[in-house]
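The primary structure of each chain is shown beneath.
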Protein chains: 4
Amino acid sequence: MSPIKAGIINVTGYIGSDLARLLYQHPQVELESVTGRSTAGQELADVFPYLSKTRLSIKDELDSNINVVFSAMPHRSSIEVVPSLLKKGMKVIDVSADFRLKNASEYPRWYGFDHPSPELLKQAVYGLPELHRDDIASATLIANPGCYSTGAILALAPVVKERLICPDIIIDSKSGVSGAGRALSLTTHYSEANENVCAYSLEGHRHLPEIEQELEKLNPEFSLSITFVPHLVPMTRGILSSCYAKLRGGLLDGSA
Amino acid sequence: MSPIKAGIINVTGYIGSDLARLLYQHPQVELESVTGRSTAGQELADVFPYLSKTRLSIKDELDSNINVVFSAMPHRSSIEVVPSLLKKGMKVIDVSADFRLKNASEYPRWYGFDHPSPELLKQAVYGLPELHRDDIASATLIANPGCYSTGAILALAPVVKERLICPDIIIDSKSGVSGAGRALSLTTHYSEANENVCAYSLEGHRHLPEIEQELEKLNPEFSLSITFVPHLVPMTRGILSSCYAKLRGGLLDGSA
Amino acid sequence: MSPIKAGIINVTGYIGSDLARLLYQHPQVELESVTGRSTAGQELADVFPYLSKTRLSIKDELDSNINVVFSAMPHRSSIEVVPSLLKKGMKVIDVSADFRLKNASEYPRWYGFDHPSPELLKQAVYGLPELHRDDIASATLIANPGCYSTGAILALAPVVKERLICPDIIIDSKSGVSGAGRALSLTTHYSEANENVCAYSLEGHRHLPEIEQELEKLNPEFSLSITFVPHLVPMTRGILSSCYAKLRGGLLDGSA
Amino acid sequence: MSPIKAGIINVTGYIGSDLARLLYQHPQVELESVTGRSTAGQELADVFPYLSKTRLSIKDELDSNINVVFSAMPHRSSIEVVPSLLKKGMKVIDVSADFRLKNASEYPRWYGFDHPSPELLKQAVYGLPELHRDDIASATLIANPGCYSTGAILALAPVVKERLICPDIIIDSKSGVSGAGRALSLTTHYSEANENVCAYSLEGHRHLPEIEQELEKLNPEFSLSITFVPHLVPMTRGILSSCYAKLRGGLLDGSA
């Protein structure tokens, strides 16, 4: 089998650069082309020395011979570029939230914009292989899940699908700092984040509608009520989510 | 006012040594006497160089002229020593759990021993100044609260007292590592605890009965059901507890 | 003795806010007045909740009744303000580098500007109490030492003064991240600084001329050659400096 | 090419378990057999859940069909086992120090025992591929370098080989904590190592003779004098070594 030719849009964030590392090592993939806005024209090895073996230059635009493109652009930016990539016949794996939610009306509320391509929301497959493995294999547009969403959905999927729990669910997540990306902020300044732990997005976090969407699909008649509170803990990578729900009545005594 | 003469039993753990630091700085206290088992005979300054100004030797036994003694012994050990200190007329502030629980029958379940002095449990004051300030001032035996208990009780006291919430409460706590003390374990080994976060004591943590006891006192007719899950996060000090409960029905629309 | 009335200029950086914490607790000081540029008009407690007891508002200008003012402004800015404070009769403790170097000709090289007040450089006392305790007590302008300088000078002063070592000295310093201040940078971004250690300022760090100046004063005929390499390690506070020099010949065999 | 059948002795330390992770992923290797003392009889997946895919049981003894065995035993223990493995025709890669030093007389000084098999020291190849790639390929006994040694030798090899520097070299190394292994100690207790940095082994660290041996081989007439001071910094993995030496006279002005 000839290797898949892969490209990465916006290689200079944490997701893009880690994708480059993984794709470069993948035995069935050839990483052919990477783009970046502020770093276009530089060698990938100069920006990230640990990627020096890739021997790739960061360009303004993707090469045209790419089979699969990973778009690592921020929310709202990906949506501008993905349609033209699809038209060129590329398979697109988008890591932003722009194609994760099936219901276009969620975008104004959670992301502050009207979604310009609701038809692509129908076409997109939510890229969680444990739930949608077959659809992912055949999809042309894959919307990769959010970090918190991945952990919470995988933890809760079995008990939601089998309705082993009551519908009130609390998800208390503890995340490393790299999830906030490479953009600078006081919250992710070392001296602020170190020896500290904090809750945030108490008014509602953007990953909640993804969690609701995927869990509800697993058991459409089960009306869930989810409270999700993310926390930042002083580590770079990883998320632990403690999920709380009551066992459904009668399960333990066999009367259910 | 002449200064209070204070002593510390078991000064060589994290609690004892930090007590030494705080008491040494206190303008109304003279730290007169410290004891330790494995370190008896050494200078306090040799074990903890940052305490060099104290000019104290670690002894086998407390001096007899102490007014207030802090017992920083482990659970089950404190109980052996405290009665004789009280008889000598010393005021005792105990940091173990040996006098925290009012109901002696909780000790076998949570600590694995029958409490030998139930009458002292009645006499002891739970040392949380926000709840028992006056009693603490006049007490001869003060049982200092557990770390998780302090955070959870202070967070929940106002809404429990005023019954603003439903009785099902979830406490998800994130603690630094020093709470586990100076004794070595794989869980608190640097390479295991760093870049990691974990839940523990899922079957029930010893601080739960303290939390229940103090919150129930605030509103005895309010039958609480508390789920408490502690987590270890990679920092040395501090605890953040996220507490979840539903607002009592009718509170927001004024019908309550 | 009536307490000293103290003020802080630029209270909103790490140095300014920690000064506020320390001065507030000091039994002989009353913290009366704090200023900040971006935060003027806010309550100090709103910017730093742990300073809520200070009950101070952040203003544009210092109150006029201040006895001692701490200037926590960046390099080059302090120099603009300090002369007028001195004229008002205030004692000034400056934490920038603007008055640390005795030789005005060092400023263009290390700080990129011509020093406008060389006469103040003569007047200023280098605020390292272990070396200049008496001068500090009587000074009106005190230039507080750099962080690396403090550690390196204190480590080397005894052996330089007594000429126990050869003149080639290497100082390898390991610093926590808060020394870089509260301003954001990729170097101090949590996910970059955590699980990392790096050397920087290989071409020469600004604290070197301070170290040279103070060590040379201790033994003016001793011609030192100092290599100083700072490193950033993943902790918030603290510096450890390992200093390397050869013992002077003959010291050990008594022939010196 | 049929895959190499590999085994690991003492898989339950940090080196052994990380070897298992790497060998399991290696496309040309089949990890066939792992041993451990305290964990013999358990599944590897039960001790290290992240190794669950290996489907290996921890045994008392290696399978006999192994081509290459990695011995991850502590110093002094490896030497007891390696000769019999060699006799069985296995290629041995030893990660202890038992075969690193060519000069048997160094063992009493640095490791406290007389080396029982000096002839194996001659046979063993120091496993640093940048220096001994061809010898490693044909060797039957490979002594893997120490962690500090690897960093220091690679940093200094080019300038030592070409004699670009003077012979007085200072190596100041900053290491993560996992190098101390999985055995518990107060030094590697989280609350002690976090927010801390310290120098250790000031009287001489065991990796120094390896560094000397390998650098001297590169330029036997160049008489080196090396000062090596290791430091512990609060991170799990990685070492940064800052190496100091003077350029040889005349190099810069062309007179050398």
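Calculation rules
- Residues numbered from 1 in each chain as written.
- Chains lettered and ligands numbered in written order.
- Predicted model: local features only at pLDDT ≥ 70, side-chain atom pairs only at ≥ 80, totals over all residues.
- Heavy atoms only, no water.
- Contact = heavy atoms within 4.5 Å.
- Buried area = accessible area lost by both parts, 1.4 Å probe.
- Salt bridge = Lys/Arg side-chain N within 4 Å of Asp/Glu carboxyl O.
- Polar contact = N/O pair within 3.5 Å; in protein donor to acceptor, adjacent residues only side chain to side chain.
- Helix = DSSP H or I, 4+ residues; strand = E, 2+ residues; numbered from the N terminus.
- Buried < 20%, exposed > 50% of the residue type's maximum accessible area, 1.4 Å probe, protein only.
- Pairing = 2+ DSSP bridges.
- Axes fitted to C-alpha atoms, helices over the stretch in contact; angles between N-to-C directions.
- 1 Å grid on protein atoms, 1.4 Å probe; cavity = no way out; pocket = protein on both sides within 12 Å on 5 of 7 lines; lining within 4 Å.
- Points joined across faces, edges and corners; volume = space filled by probe spheres on them.
- Nonpolar A, V, L, I, M, F, W, Y, C, P; charged D, E, K, R; others polar.
- Patch = residues over 30% accessible without salt bridge, like charges linked within 9 Å, V, L, I, M, F, W, Y side chains within 5 Å.
- Areas by Shrake-Rupley, 256 points an atom, 1.4 Å probe, with all protein chains shown as cover.
- Expected span 1.5 Å × (residues − 1).
- Bend = angle between axes of the 7 residues up to and from the residue.
- Least-squares fit on C-alpha atoms with pLDDT ≥ 70 in both.
- Phe/Tyr/Trp six-rings, centres within 6.5 Å; stacked < 30°, edge-to-face > 60°.

Got a minute to help me understand the interface of chain A and chain C in this structure?
A common way to express how large an interface is: the accessible area buried when the components associate. Between chain A and chain C, the contact holds 19 residues from the first and 19 residues from the second. For the pair chain A and chain C, the summed buried surface comes to about 1700 Å²; carbon and sulfur atoms form 55% of the total. A per-residue breakdown of the area chain A buries against chain C is headed by Leu184, His189 and Tyr190 of chain A, which together make up 41% of the total. At the boundary of chain A and chain C, one finds two salt bridges. Between chain A and chain C we count 16 residue pairs in polar contact (both at pLDDT 80 or more) in total. Residue contributions to the side of chain A that touches chain C peak at four residues, all from helix H8 (residues 190-193) of chain A.

Can you help me understand the pairing of strand S10 (residues 225-232) of chain A in this one?
If a strand is regular, its side chains alternate between the two faces of the sheet. Residues and elements named next belong to chain A. Counting buried residues in S10 gives six out of eight residues, a clear majority hidden from the surface. Note that strand S8 (residues 168-175) and S10 share eight bridges and pair parallel. Of the residues in S10, the one forming a bridge with Asp168 is Ser225. Where strand S9 (residues 198-199) lies against S10, two bridges are found, and the strand directions are antiparallel. When the sheet's bridge partners are listed, Ala199 is paired in S10 with His231.

What should I look at first to understand the sheet that holds strand S6 (residues 125-126) of chain C in this one?
Strand pairing in a sheet is mediated by backbone hydrogen bonds. Such pairs are either parallel or antiparallel. Residues and elements named next belong to chain C. The strand order across the open sheet built from seven strands is S3-S2-S1-S4-S5-S7-S6, with neighbouring strands paired in parallel fashion. Whereas interior strands pair on both sides, the edge strands pair on one side only; in this sheet they are strand S3 (58-59) and S6. Where strand S5 (residues 91-94) and strand S7 (residues 141-143) come together, three bridges link them in parallel fashion. In the sheet register, Val92 faces S7, and the bridge partner there is Leu141. Set on the sheet, helix H1 (residues 14-25) makes contact with strand S1 (4-9), strand S2 (29-35) and strand S4 (68-71); between it and S1 the angle comes to about 165°.

For this particular structure, what's the right way to read empty space enclosed by the protein?
Empty space among the atoms can be located by rolling a probe the size of a water molecule over them. In this structure the tally under the stated criterion is one cavity of 30 Å³ or more. The calculated volume of the largest cavity comes to roughly 70 Å³. Lining the largest cavity are Tyr190, Asn194 and Pro234 of chain A, Tyr190, Asn194 and Pro234 of chain B, Tyr190, Asn194 and Pro234 of chain C together with Tyr190, Asn194 and Pro234 of chain D. Of the residues belonging to the lining of the largest cavity, the class tally is eight nonpolar, four polar and no charged.

When you look at a nonpolar patch on the surface in this model, what are you seeing that I'm missing?
Residues Leu184 and Leu186 of chain A together with Leu184 and Leu186 of chain C make up a contiguous nonpolar surface patch of about 290 Å² in total accessible area. Looking at where Leu186 of chain A falls in the secondary structure, it is placed in the loop between S8 and H8.

I tried to follow helix H7 (residues 147-161) of chain B on my own but got confused; where do I start?
In an α-helix, one turn spans 3.6 residues, which is why side chains three or four residues apart end up on the same side. All names here are of chain B. The terminal C-alpha atoms of H7 lie 21 Å apart, and with 15 residues this matches the ideal 21 Å at 1.5 Å per residue to within 8%. Of all the bends in H7, the greatest, near 35°, is centred on Ala155, and the proline Pro158 appears no more than four residues after it. Looking at H7, one finds that the buried residues are Tyr148, Ser149, Ala152, Ile153, Leu156, Ala157 and Val160. The secondary structure elements touched by the buried residues of H7 are strand S6 (125-126), helix H6 (129-138), strand S8 (168-175), helix H9 (208-218), strand S10 (225-232) and strand S11 (239-244). Just beyond H7, the residue with positive phi is Arg163, at close to 50°.

Looking at this structure, how should I read the relation of the copies chain A and chain C?
Mapping one chain copy onto the other needs a rotation about an axis and a shift along that axis. Once chain A is rotated about the relating axis by 180° and shifted along it by 0.0 Å, it coincides with chain C to within an RMSD of 0.0 Å. When the rotation and shift are considered jointly, the pair of chain copies conforms to a two-fold rotation axis. The position closest to the rotation axis in chain A is occupied by the C-alpha of Tyr190 of chain A, lying 2.1 Å away. By residue overlap, the copies meet face to face through one surface: 100% of the interface positions of chain A are interface positions in chain C.

I'm lost on the pattern of salt bridges in this one. Help?
For side chains of opposite charge, pairing can occur when their charged atoms come near one another. In this structure the tally under the stated criterion is 44 salt bridges over all chains. For the salt bridge of Asp172 of chain A with Lys174 of chain A, the shortest nitrogen-to-oxygen distance reads 2.8 Å. This pair shows no difference in class: Asp172 of chain A is buried, exactly as Lys174 of chain A is. Overlapping salt bridges bring together Asp172 and Lys174 of chain A together with Asp172 and Lys174 of chain B as one network.

In this structure, what is going on with the packing of aromatic side chains? I would like to understand it.
Ring pairs (aromatic) are described by centroid distance and by the angle formed between their planes. All names here are of chain A. Across all of its chains, the model carries 18 aromatic pairs over all chains by this definition. Ring centres of Tyr107 and Tyr111 lie 5.7 Å apart, and the angle between their planes is 35°; on these two criteria the pair is classed as tilted. With Tyr107 and Tyr111 both in helix H4 (residues 106-111) and four residues apart, this pair spans about one turn of that helix. Tyr107 sits in the buried class, given a relative accessible area of 0%. With a relative accessible area of 9%, Tyr111 lands in the buried category. Members of the aromatic cluster, connected to one another through ring pairs, are Tyr107, Tyr111 and Phe113.

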